[in-house]
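Observations on the three-dimensional arrangement
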Amino acid sequence: MSGRLSGRRAIVTGAGSGIGAAVALRLRADGARVFTADLQGEVDFRADLTEPDANARLVAAACQAMGGLDTLVPCAGISAFHPLEAHDDAYFLRVLEVNLVAVFRLVREAAPHLKGHGAGRIVTIGSTTSSFGDEGLCAYSASKHAVLGFTKSVAAELGPFGVTATCVQPGAIDTPMTAPAFEQMPEYKVFWENKAPLRRLGRPEDIADVIAFLCSDDARFVSGHGLWVDGGAMARH
Ligand SMILES: NC(=O)c1ccc[n+]([C@@H]2O[C@H](COP(=O)([O-])OP(=O)(O)OC[C@H]3O[C@@H](n4cnc5c(N)ncnc54)[C@H](O)[C@@H]3O)[C@@H](O)[C@H]2O)c1
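Below or above, wherever it landed, is the structure these notes cover. (Residues numbered from 1 in each chain as written. Predicted model: local features only at pLDDT ≥ 70, side-chain atom pairs only at ≥ 80, totals over all residues. Heavy atoms only, no water.)

Here we take up the pairing of strand S2 (residues 33-38). Among the 6 residues that make up S2, 5 are buried, leaving the element largely enclosed by the rest of the structure. Pairing of strand S1 (residues 9-13) with S2, which is carried by 5 bridges, proceeds in the parallel orientation. Counterpart to Val12 in the pairing with S2 is Thr36. Handedness of the crossover is the feature at issue here: the chain leaves S1, passes through helix H1 (residues 18-29), returns alongside S2, and the resulting connection is right-handed. (Buried < 20%, exposed > 50% of the residue type's maximum accessible area, 1.4 Å probe, protein only. Helix = DSSP H or I, 4+ residues; strand = E, 2+ residues; numbered from the N terminus. Pairing = 2+ DSSP bridges. Right-handed = clockwise from strand over helix to strand, strands pointing away.)

Structure follows, in structure tokens:
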């Protein structure tokens, strides 16, 4: 298949739902081969990516299926609203494990394969809470700040090997992750719709289209960068 990602071989995690599913669809539409992973859904590799060896097994399976690897998009993540004092240790650590440690392990395992193609691409998923905090999101925001910092260091370290690393920072996107919060707190949904100058929630495709650009040759000189994709929400008071 021809397309701007023709010949690329990508791993997309969290591809059983929401943003990850949209990314897999979009990268394939642009001609990439995509190996998908998730806890659930119709994916190539089903696993809890916090299991210590899961990411090594994922990279091995993807390389075997596609004959190599040049693109990583780790979208798997979890979030929930908890006041600080309701964050027990297990919850806080679980959020860090899924949103940060599993991403670190995936990047570490994939790095040897990404080097040397001249077009290695890593696009992590931060959040507007990679730059700001919010009530009820102490664990989530800590994990997303960390992912942005991690991505910048990966960009510094792997850049000499032709690999770019960028962090997309979505605003409020309408997915199964946000649906329960918007249902329980309709005023929160209205807040985010109004905060964005574009006056709507984001859709998974809004994020997937930007990620496809960052994976392409058009973004060959973009690295170490966090990019808000939030309809302008964070630019506004
Ligand atoms: N929806 C938003 O408003 C929003 C905003 C900013 C950032 N994000 C980020 O975007 C990413 C995707 O979120 P989404 O909104 O599509 O959510 P989602 O819940 O629709 O999808 C997340 C997927 O990750 C998978 N997953 C969770 N834990 C896993 C684990 N341990 N192992 C393997 N897979 C696991 C889930 O099964 C699910 O399919 C997340 O990293 C999230 O933090 C979302």
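On to helix H2 (residues 54-66). Between its terminal C-alpha atoms H2 stretches 18 Å, which fits the 18 Å expected from 13 residues at 1.5 Å a residue. Buried positions along H2 lie against S1, S2, strand S3 (45-46) and helix H3 (89-114). Taken from the residues just after H2, Gly67 is the one with a positive phi, measuring 80°. (Expected span 1.5 Å × (residues − 1). Contact = heavy atoms within 4.5 Å.)

For the structure shown, the criterion picks out 14 salt bridges. Note that Asp217 and Arg8 form a salt bridge whose closest N and O atoms lie 3.0 Å from each other. Placement of Asp217 in the loop between helix H7 (204-215) and strand S7 (225-229) and of Arg8 in the segment before S1 is noted, with a sequence separation of 209 residues between them. Residue Glu97 pairs with Arg94 through a salt bridge whose shortest N-O separation is 3.9 Å. Of this pair, Glu97 and Arg94 both sit in helix H3, 3 residues apart, which is roughly one turn of that helix. Residue classification places Glu97 among the partly exposed positions, given a relative accessible area of 29%. (Salt bridge = Lys/Arg side-chain N within 4 Å of Asp/Glu carboxyl O.)

This paragraph deals with the packing of H1 against H7. A pair of packed helices is captured by two measures, namely the crossing angle of their axes and the spacing between those axes. Two elements in contact, H1 and H7, have axes whose closest approach is 8 Å; the angle formed by their N-to-C orientations is 50°. Taken together, H1 and H7 sit at an angle that is classed as oblique. Helix-helix and strand crossings are classified by hand; for H1 and H7 the assignment is right-handed. For the pair H1 and H7, the contacting residues are Gly18, Ile19, Ala22, Val23, Arg26 and Leu27 in the first and Pro204, Glu205, Ile207, Ala208, Asp209, Ile211, Ala212 and Cys215 in the second. (Axes fitted to C-alpha atoms, helices over the stretch in contact; angles between N-to-C directions. Parallel < 35°, antiparallel > 145°, perpendicular 65-115°, else oblique. Left-handed = near helix turned anticlockwise from the far one by under 90°.)

Moving on: the sheet that holds strand S6 (residues 163-170). With respect to topology, 7 strands assemble into an open sheet ordered S3-S2-S1-S4-S5-S6-S7, the strand pairing being parallel. The open sheet has two edge strands, S3 and S7, and neither has a second partner. Taken strand by strand, H3 contacts S1, strand S4 (71-74), strand S5 (120-125) and S6, and its axis lies near 175° from that of S4. This element, helix H4 (residues 138-158), spans S5, S6 and S7 of the sheet and lies at about 160° to S6.

Distances and angles like these do not, on their own, reveal function.
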